[in-house]
Amino acid sequence: MIANLVQLAAEEEQNPLIPPGPELLVGAIAFAIVFFFFWKKLIPNINKVLDERREAIEGGIEKAEAAQTEAQSVLEQYKAQLAEARHEAARLRQEAQEQGAQLIAEMRAEGQRQREEIVAAGHSQIAADRKAAAQALRQDVGQLATELAGKLVGESLEEHARQSRTIDRFLDDLDAKAEATR
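Since the model is a prediction, treat every value here as computed from it, not as a measurement.

Q: Hey, could you run me through the overall build of the chain in this one?
A: Each helix and strand in the chain was counted, giving three helices and zero strands. Put simply, the chain runs from its N terminus to its C terminus through helices and strands in the order α-α-α. For the chain, the residues scored as buried account for 5% of the 182 residues in total. Here the chain displays about 16,200 Å² of accessible surface, and carbon together with sulfur accounts for 61% of that area.

Q: Would you take a moment to explain a nonpolar patch on the surface for this structure?
A: On the surface, F31, V34, F35, F36, F37, F38, W39, L42, I43, I46 and L50 cluster together into a nonpolar patch covering about 1,100 Å² of accessible area. Mapped onto the elements, F38 comes out in helix α2 (residues 21-153). You can call F38 partly exposed: its relative accessible area is 41%.

Q: Would you explain the pattern of salt bridges in this entry?
A: As a working rule, side chains carrying opposite charge can pair if their charged atoms are close by. One pass over the full model with this rule turns up five salt bridges. We note a salt bridge from E95 to R91, for which the minimum N-O separation is 2.3 Å. Here E95 pairs with R91, and both are found in helix α2, just four residues apart, close to one helical turn. When its relative accessible area of 34% is taken as the criterion, R91 is described as partly exposed. Across the salt bridge formed by E110 and R113, the nearest N and O atoms sit 2.3 Å from each other. Separated by three residues within a single helix, E110 and R113 lie in helix α2, roughly one turn from each other. With relative accessibility at 30%, the residue E110 sits in the partly exposed group. If you follow the salt bridges from partner to partner, you end up with E88, R91 and E95 in one network.

Q: What is the right way to look at a negative patch on the surface in this model?
A: Taken together, the side chains of E52, E55, E58, E62 and E65 present a region of like negative charge at the surface. Tracing the backbone shows E62 in helix α2.

Q: Teacher, can you tell me more about the environment of T146 here?
A: Note that T146 resides in helix α2. Exposure remark for T146: the relative accessible area of 8% places this residue in the buried category. Once the C-alpha coordinates of T146 and F170 are considered, the two residues, 24 residues apart in sequence, prove to be 9.7 Å apart.

Q: It is not clear to me how the confidence of the model for the chain should be interpreted in this structure. Could you clarify?
A: Residue-level pLDDT values for the chain average 82, and 83% of them are 70 or greater. Across the chain, the element-wise mean pLDDT spans from 56 in helix α1 (residues 2-12) up to 87 in α2.

Definitions and cut-offs
- Residues numbered from 1 in each chain as written.
- Predicted model: local features only at pLDDT ≥ 70, side-chain atom pairs only at ≥ 80, totals over all residues.
- Heavy atoms only, no water.
- Helix = DSSP H or I, 4+ residues; strand = E, 2+ residues; numbered from the N terminus.
- Buried < 20%, exposed > 50% of the residue type's maximum accessible area, 1.4 Å probe, protein only.
- Areas by Shrake-Rupley, 256 points an atom, 1.4 Å probe, with all protein chains shown as cover.
- Patch = residues over 30% accessible without salt bridge, like charges linked within 9 Å, V, L, I, M, F, W, Y side chains within 5 Å.
- Salt bridge = Lys/Arg side-chain N within 4 Å of Asp/Glu carboxyl O.
- Lys, Arg positive; Asp, Glu negative; His and termini not counted.
- Charge placed at Lys NZ, Arg CZ, Asp CG, Glu CD.
- pLDDT = per-residue confidence, 0-100.

If you want it as structure tokens, here you go:
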């Protein structure tokens, strides 16, 4: 009996890698159902989500490129405006320097003119004061000379015409002596 059992066990023993026929058939049908479900329902949804993601990413990249292009153009505009502002500032600075130099030159000229006016007025005043002093001195010297001459001569030289001639002659003599010493 043992021999029969061993023989029966040997015949029933199959390869563990190959499943029995009915199991293989049920597994194939189940695989086909699952495959059909995936193919009809899940794969289109997965592809749809992947397409939406791809479009969103590509749209985002396009938007980013557009934004970068716009940012670059704005940067160029700002650089141009900055260069223009610097140029304008340099021009204004140059104008201010020129106006300052012109103002300084005008002020110097005005100061020079005022100085010359003051000097001329001073010379005029000095000449007028000198003339007035000479006139006053002439009168004083004339009176003193007339009094002295009257005391020397012994007669009064009160007469105005005579006094005037005497004074003029005396002063002319003094002027001539003064000119000779110079």
